[in-house]
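Close look at the chain arrangement
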Amino acid sequence: MSQFVFCTGQYASGDWESAPLVAPNLIDSVARYTSIDVASTGVTVPLDSPRLFEHPLVYLTGHLPFRLTEAERANVRAFTGRGGMIFIDDHNHDVGGIFHRTATEEIARTWSPLRQLPNTHRLYSAFFEFDDGPPTTSHELNGWGDNLVHPHLSAVVRDGRIVVLYSNKDYSSEWSYHPDNKRFSSVDNTKLGVNIIVYALTS
Amino acid sequence: MTARQRVSRTRAYLATAVAIAAAAWAVAAVLAVGAALVLAARVTGSGLPGGFSLLPGVAALVAAGAIVYRAWPGRSLERVALWVEEHQPSLAFALVTASDPTLAESPALERAAEFDPAKVVRRPVATMLLVAGAAVVLSGAAAWALAGTEGARDMLAGRTTTSSLRAAAAPDDPLVGFRATITPPAYSRLRATSVDDPSSIAALRGSGITVSGRGSGVAVFFGDARLPVRKGRRWTVALTMPARPVALTLRHGERRRVIVLEPRADAAPRVRLTSPARDTIMQRVGGVVRVAASIEEDVGIASGHIEYMLSSGAEETFTARTAVVGRREFRGAARGDLSTTIDLASLKLGPGDLLSIRAVARDANTVSGPGVGVSDTRTYRVARRDEYDSLAVEAGAPIIPESTVVSQRMLILRAEALLREQPSLARDSVLTRVRGIATDQIRLRERVHDIVYPAHTHAEGDVEAAGEPEDAEEGGAPVNPHLKTAYEEMWSASRELQIADAAAALPFMRAAATALDRARLANRYYLRSGAARVVVDVPRVRLQGKETGASAARSPRAAETARREIARDFARAAAIRDPVASANELSLVRVRALAELPELAAALEPLIDALRRGRDPRAALAAARSKLDRADAAARDGASWSRW
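Residues numbered from 1 in each chain as written. Chains lettered and ligands numbered in written order. Predicted model: local features only at pLDDT ≥ 70, side-chain atom pairs only at ≥ 80, totals over all residues.

**Points about the overall build of chain B**
Test applied: Secondary structure is summarised from DSSP: a helix means a run of H or I of at least four residues, a strand means a run of E of at least two, and numbering begins at the N terminus for each. Any residue whose C-beta has 12 or fewer other C-beta atoms within 10 Å is treated as exposed, any with 20 or more as buried, and any in between as partly exposed, C-beta atoms being built from the backbone. Placing a C-beta atom from the backbone of each residue, one calls two residues in contact when those atoms lie within 7 Å.
Across its full length, chain B carries 17 helices and 16 strands. With 644 residues in all, chain B has 36% of them scored as buried. Looking at chain B alone, contacts between residues at least 24 apart form 67% of all its contacts between residues at least 6 apart.

So, in structure tokens, the structure goes:
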């Protein structure tokens, strides 16, 4: 089994690089909790690049309009068609926000409309057990963004497999800190990220 | 009425009669030859080669031509006059003479050439039409007796096809000679079509399909579900084209016939934004943006518009508003253009704001749509005042503090003062002051070191022990080369100062100051996509962490299994010797391949067709195998975790 390299997707529109510390933080968590052979740095790959196919999971985020070019759309469709998974997180944490509106529209156009992912889905037990579904972020609790706690993630599921996982919960803000600072937290809030990576590697 | 006028009228009567007789004989020929072919098909019991289906048409042309050749006297009045003289000899060539345009009109000749056109043509025309009508009746009776009402109607409609002849060869088989009528959805404005004896039916999703055939006792299955069959003189089943490929199976006793239902998706409109051509960053807001887009659609465009989104904000707070301009209705046209202008000044754009423009078009699909086509987005961004020299202000190298340059100059001044005062100072005093300068130089060098080699920060005074890394830019943004030069010069200066040789150190110190100054004044260009690479010390994390589990190996993909199953089923189906059974099995393989391996599905169609029509299937079989081999090669070349 080849080494897992965390991949951040670069798209033509918007601020795809708005959460640069998510990658090292999740790499740290994967190394900390699992025996997955993980590369010590992540990579950034344009969504229209064939290099996308070297990675099983692609992480996308941003605040600004999320719109794909025709080349990007064709490439990510082929990517998910070949077994890849895309995790998209709304960095605004705002259902009326520009990223959410454009991203959900683009997902519906590229794959199909998002459906609510049940909190009993295998994603929530792929490594750690999350009995109540996705953990709530501090941004949801402090009223940031749309002032809502989103109890579910959304997904596009094909043949029983998540091909696109979509979050309104702003994990990009929640996880964007230097991994060395994890020692100051009583509970590691990146564990769901481990589940997402393990799910992408094993489903 | 003159003689020439009477001849002209006679010519009109004859032309009408000959045309009717020719048409009747053409019909009679079609029916007669069709009936003969049906009879021949029954006698041989296995249908006839495809070329025979052209015979009725050829016979119709020959029959019509023969009638025109025999009954039509010719276009000139002289030839028609001769025809009248032949049927009324009492005219004694007076009519031919009177019809000659070169002769002067003569009352006596006119009187001699007098005749009644209707009376002259009545008998020969009646005979001609009666014979033609009899031919039609006789051949029609033969056709009806051999092929039935619908068969005779098909012959007249020019549908004496190979399949209908094959149906004629097996009049009691309800699985042969059936007909599928496809009615596309109303929004498509396409006409209904019929196809005889199809191996597959390709139509827009939502199309109405009626399949009917002769006889009875037919059971029809849509996938695994049994469909109700309407019985009568013909069995009929009605269904709607599904969203995914499905096998429609007709069963009669132990025999079956598989038809592939191949839905054609109504693609969303293809929209191309032709203007503006590229993204733009503006320093000043003003002017008018001309927006133009072209639209193409496979069925028909319903409407289109230009949409722009204005987003403003920073950090975590963004607001956006969307507006639609240039809306246009296309009423089902296959192509269209959109054009409008946007006045930038009216949008009140501020620094950092983004204007995203795109074109949107909808088709008229009321079954699974509407399909929405969207163009690429063009973005206009208003630059902030502090970023006029850059594309982005994030992920850049740390700014060189002005204090560094100032400090280096101060050290130079201190060293120069020391050199001036050195002759009058005691040795210990010189050593104390020069070592003080050396310590400050080392501290300054470490500050520059932290900028040049950010991933190798160290405790104060460890520079000599650690040294600089081999790859200066590892894990960081590009570093100004002048800064590196300054660092090197400072290294040399501090070395000289540590051995109390201020004079030797001064050139290096001045060179360092010059390099720092150049670095400070250098333009700063930061390209996007240079997000900071934070390296995680994985071994260190692993040693401190705990092994709580291991991920399972990636299980085989469902689609990979599907590909193998298709390959296995294809091999089995191709190995069946009975062509009909093989075609049925290959049709089932094709239903699955349409979703999983579309190239193989396309290659299977001529193979199934060849097997059903009794043609040599070897070339089509080789082509299908080639497509399957390519799919295998693609699977082998995929990534280790990939489906294909």
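**Description of the overall build of chain A**
A count of helical and extended segments in chain A gives 6 helices and 7 strands. Counting helices and strands in the order they occur from the N terminus, chain A gives β-α-β-β-α-β-α-β-α-β-β-α-α. Across the 203 residues that make up chain A, the buried fraction comes to 54%. Of all intrachain contacts in chain A linking residues separated by at least 6 positions in sequence, the fraction that spans at least 24 positions is 78%.

**Digging into the environment of B:Ala203**
Residue and element names in this part refer to chain B. Mapped onto the elements of the fold, Ala203 is located in strand S3 (residues 200-204). Sequence separation between Ala203 and Thr240 is 37 residues, and the spatial gap between their C-alpha atoms is 10.0 Å. Leaving out residues up to four positions away in the same chain, Ala203 has contacts with Ile182, Pro184, Ile209, Met241 and Arg264.

**Overview of the environment of A:His93**
By the element assignment, A:His93 lies in the loop between strand S4 (85-90) and helix H3 (98-110). For the pair A:His93 and A:Thr137, spaced 44 residues apart in the sequence, the C-alpha separation amounts to 9.9 Å.

**Regarding the packing of helix H1 (residues 22-33) of chain A against helix H6 (residues 191-202) of chain A**
Residues and elements named next belong to chain A. Our working rule: Lines fitted to C-alpha atoms define the axes, with helix axes restricted to the stretch in contact, and inter-axis angles between N-to-C directions lie between 0 and 180 degrees. Angular relationships are summarised with four words: roughly parallel below 35 degrees, roughly antiparallel beyond 145, roughly perpendicular across 65 to 115, and oblique for the angles in between. Under the grouping applied here, Gly and all other residues not named as nonpolar or charged are polar, the nonpolar ones being Ala, Val, Leu, Ile, Met, Phe, Trp, Tyr, Cys and Pro and the charged ones Asp, Glu, Lys and Arg.
Contact geometry of H1 with H6 gives a least axis separation of 9 Å together with a crossing angle of 80°. Relative to H6, the element H1 is oriented roughly perpendicular. Residues Leu26, Ser29, Val30 and Tyr33 of H1 pack against Lys191, Gly193, Val194 and Ile197 of H6. Here the contact of H1 with H6 is composed, by residue class, of 5 nonpolar, 2 polar and 1 charged.

**Some words on helix H6 (residues 117-156) of chain B**
Spelled out, the test is: An expected span of 1.5 Å times one less than the residue number is assigned to each helix.
The end-to-end C-alpha separation of H6(B) is 35 Å, well short of the 58 Å expected for 40 residues at 1.5 Å each. Where H6(B) ends, the next residue or the one after it, B:Gly158, has phi of about 75°, a positive value.

**Comments concerning the sheet that holds strand S4 (residues 208-214) of chain B**
Residue and element names in this part refer to chain B. Note the cut-off: Strand pairing follows a simple DSSP-based rule, namely that at least 2 bridges must link the two strands.
Overall, antiparallel pairing links the 4 strands, which are arranged S2-S1-S4-S7 in an open sheet. The open sheet is flanked by strand S2 (193-196) and strand S7 (234-240), the only strands paired with a single partner. Averaged over all neighbouring strand pairs, the angle between strand axes comes to 20°, with direction disregarded. Sheet analysis places strand S1 (residues 179-183) next to S2, joined by 4 bridges and oriented antiparallel. The residue of S2 that forms the bridge with Ala180 is Val195.

**Focus: the packing of helix H9 (residues 427-452) of chain B against helix H11 (residues 481-498) of chain B**
Residues and elements named next belong to chain B. The cut-off we apply is this: Left-handed describes a crossing whose near helix is turned anticlockwise from the far helix by less than a right angle; the clockwise case is right-handed.
For the pair H9 and H11, the least separation of the axes is 9 Å and the interaxial angle reads 155°. The orientation of H9 relative to H11 falls into the category roughly antiparallel. H9 and H11 meet at a crossing whose hand is left-handed. Mapping the contact onto sequence places Val434, Ile437, Ala438, Gln441, Ile442, Leu444, Arg445, Val448, His449, Ile451 and Val452 in H9 and Leu483, Lys484, Ala486, Tyr487, Met490, Trp491, Ala493, Ser494, Leu497 and Gln498 in H11. Taken together, the residues of the contact of H9 with H11 break down into 15 nonpolar, 4 polar and 2 charged.

**Focus on the sheet that holds strand S2 (residues 43-46) of chain A**
Residues and elements named next belong to chain A. Overall, mixed pairing links the 7 strands, which are arranged S2-S1-S3-S4-S7-S6-S5 in an open sheet. The sheet terminates laterally at S2 and strand S5 (115-117), the two strands that pair on one side only. Averaged over all pairs of adjacent strands, the angle between their axes in this sheet comes to 35°, without regard to strand direction. As defined by bridge partners, S5 adjoins strand S6 (residues 153-158) across 3 bridges and the pair is classed as antiparallel. Bridge pairing links Leu117 to Leu153 in S6.

**Let's talk about the nonpolar core**
This is how the line gets drawn: By definition, a nonpolar core groups buried Ala, Val, Leu, Ile, Met, Phe, Trp, Tyr and Cys residues that are joined through C-beta atoms within 7 Å.
Judged by nonpolar contacts, the single largest core of 83 residues is most densely connected at A:Ile86, A:Val164, A:Leu165 and A:Ile197. Apart from the residues lying within four places of it in its own chain, the contact partners of A:Ile197 are A:Leu26, A:Val30 and A:Leu57. B:Ala59, B:Ile67, B:Val96 and B:Ala98 belong to the second largest nonpolar core, which has 47 residues in total.

**A short note on the environment of B:Pro107**
Relative to the helices and strands, B:Pro107 resides in helix H5 (residues 107-112). Counting along the chain gives 105 residues from B:Pro107 to B:Thr2, while the straight-line C-alpha distance between them is 9.8 Å.

**Some thoughts on the pairing of strand S5 (residues 219-222) of chain B**
All names here are of chain B. Two strands pair when backbone bridges link them, and S5 and strand S8 (residues 246-252) are joined in this way by 4 bridges, in the antiparallel orientation. Opposite Ala219, over in S8, you have Arg251 as the bridge partner. What sits between S5 and strand S6 (residues 225-227) in their antiparallel hairpin is a turn of 2 residues, with Gly223 showing a positive phi close to 70°.

**Here's the deal with helix H15 (residues 579-596) of chain B**
Here H15(B) spans 25 Å end to end across 18 residues, near enough to the 26 Å set by a 1.5 Å rise per residue. Those residues of H15(B) lying buried are B:Ser582, B:Ala583, B:Asn584, B:Glu585, B:Leu586, B:Ser587, B:Val589, B:Arg590, B:Val591, B:Ala593 and B:Leu594.

**Points about unusual backbone geometry**
For the peptide bond that leads from B:Ser275 to B:Pro276, omega is 0°, which places it in the cis range. Note on placement: B:Pro276 falls in the loop between strand S10 (270-275) and strand S11 (280-282). Non-glycine residue A:Asp170 carries a positive phi angle of around 60°. Assignment of secondary structure puts A:Asp170 in the loop between strand S7 (161-167) and helix H5 (171-174). Positioned with a positive phi, B:Phe93 is a non-glycine residue whose angle comes to about 65°.

**A word on the confidence of the model for chain B**
Residue and element names in this part refer to chain B. What counts here: Summary of the metric used: pLDDT quantifies the predictor's per-residue confidence within the range 0 to 100.
Averaged over all residues, the pLDDT of chain B is 79; the fraction at 70 or higher stands at 82%. When the criterion is pLDDT under 50, residues 554-559 qualifies, and its contacts beyond four places in sequence or with other chains add up to 10 contacts. Quick note on the complex model: pTM equals 0.50, ipTM equals 0.76.

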